[in-house]
Amino acid sequence: MARHTPAQYRSAIRRLGLKSKNGYEAEEISLFCPFHRDEHPSFSANVRKGLYHCFQCRRSGKIEQLVWELAGQPFDLYVGIRGGDLGYMDSGRPYSAPPRPTGVSKDENSIDFRGVMVPFNVVPEAVAYLRSRYISDHVATRLNMKYVEEGRANGTYFAKRLVIPIYNASGVIINLEARDVTGENSLKCLYPKGALKPIFEWYKLDKAQPLFVFEGIIKMAAARVDPYFKNSTATLGASISEYQLEQLLQFDHIVLVPDNDAAGDEMARRLRGMLKGKNLKVLRIADRTIKDADDIPNATGMTIK
């Protein structure tokens, strides 16, 4: 039995930006599949049953699950249903955080995302970008990397970008890192305007082990190819806020891996002052002509390992 009304399912499908040639009023809506390059509508969503199915790539499931996969939010939260089961997470969700408690109101720190996120591995440009950074599919999948052809987050517009959703401990997207995969955009990295900036996945990491701190998620992802850097995070920029400092102070031993530039030098200086009394070390790339971790393979021919 469907958990929501046909009107609510139609609303979600429209908001996800799934395109239809014949409109959205039928019970069985014919759409272009968001999971593969679809030249003809091969994706069907039944708004009475609350189910979807692609006749080409064979992806199928509940529309609630589809919303979570593409938008990273529970269905009720995404379509604006108040007092509903905001904690709904299907077993196929890509994120393993505990579900939010039933009846919790909209998270004040969630971002307003408009667009369609598809898995990175169905877009050749996104795969090529990760290959150029020597980031494995395993690491990219673990970080729930997506691709957005065109979208907005908190009003910030971006197109043709690899997207890394940033969750809080309740499984709500509170930020995202959007990386240009074309090589043609002067702004290589974008974050949504006004989004909360945490230490990436700090609540999942081992507080008793050394914490490796990188400036950006892509740099961290390149390092995580080596299990030595498994307990690593990113600060989403060279500046560190008081909010992030509170999270860092929960770790006993911090190892900063700064960029080899003026911003990286300043980051190391400021962090040393902020973490007075903490065990802080700075791990630098020996060759100062190499700016950061994801440049190492291309610059030296060596892997991170």
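Overview of the structure. This is a predicted model, so every value here is computed, not measured. Within each chain, residue numbers correspond to sequence positions counted from 1 in written order. Per-residue local features are limited, in this predicted model, to residues with pLDDT of at least 70; the limit for side-chain atom pairs, both in listing and counting, is 80 or more; totals at the level of whole chains, interfaces and linings are taken over all residues. Side-chain measures here rest on the full set of heavy atoms in the structure, leaving out hydrogens and waters.

Describing the packing of aromatic side chains
Note on aromatic pairs: each is described by the distance of the centres and the angle between the planes.
At step 1: Side-chain rings of Phe, Tyr and Trp, where Trp is taken by its six-membered ring, are said to pair if the distance between their centres is within 6.5 Å; with planes under 30 degrees apart they count as stacked, over 60 as edge-to-face, and otherwise as tilted. Inspection of every chain in the model, using the stated rule, returns 9 aromatic pairs.
At step 2: Between Trp68 and Tyr167, the ring centres sit 6.2 Å apart and the planes meet at 35°, which makes this aromatic pair tilted. Of this pair, Trp68 sits in helix α2 (residues 63–71) while Tyr167 sits in strand β8 (residues 156–167), and the two are 99 residues apart along the sequence. Just as Trp68 is buried, Tyr167 falls in that class too.
At step 3: One residue, Arg15, lies across the ring of Tyr78, its end atom 4.3 Å from the ring centre.
At step 4: Above the ring of Phe251, the side-chain terminus of Lys207 is found at 5.6 Å from the ring centroid. A run of H or I in DSSP becomes a helix once it reaches four residues, and a run of E becomes a strand once it reaches two; helices and strands are each numbered from the N terminus. The classification of residues rests on relative accessible area computed with a 1.4 Å probe and restricted to protein chains. Under 20% of the type maximum is buried, over 50% is exposed, and intermediate values are partly exposed. In our convention, an over-ring charge means Lys NZ or Arg CZ found within 6 Å of a ring centre and within 35 degrees of that ring's normal.

A few points about the sheet that holds strand β3 (residues 51–54)
At step 1: Read across the sheet, 4 strands follow the order β1-β2-β3-β4 without closing on themselves; strand pairing throughout is antiparallel. At either end of the open sheet lies a strand with only one pairing partner, and these are β1 (28–31) and β4 (60–62). For this sheet, the mean angle separating the axes of adjacent strands, direction not counted, is 15°.
At step 2: Two strands are counted as paired when DSSP detects at least two bridges linking them. Here strand β2 (residues 43–46) pairs with β3 via 4 bridges, running antiparallel. Every axis corresponds to a line fitted to the C-alpha atoms, with the helix fit spanning only the stretch in contact, and the corresponding angles, defined between N-to-C directions, vary from 0 to 180 degrees.

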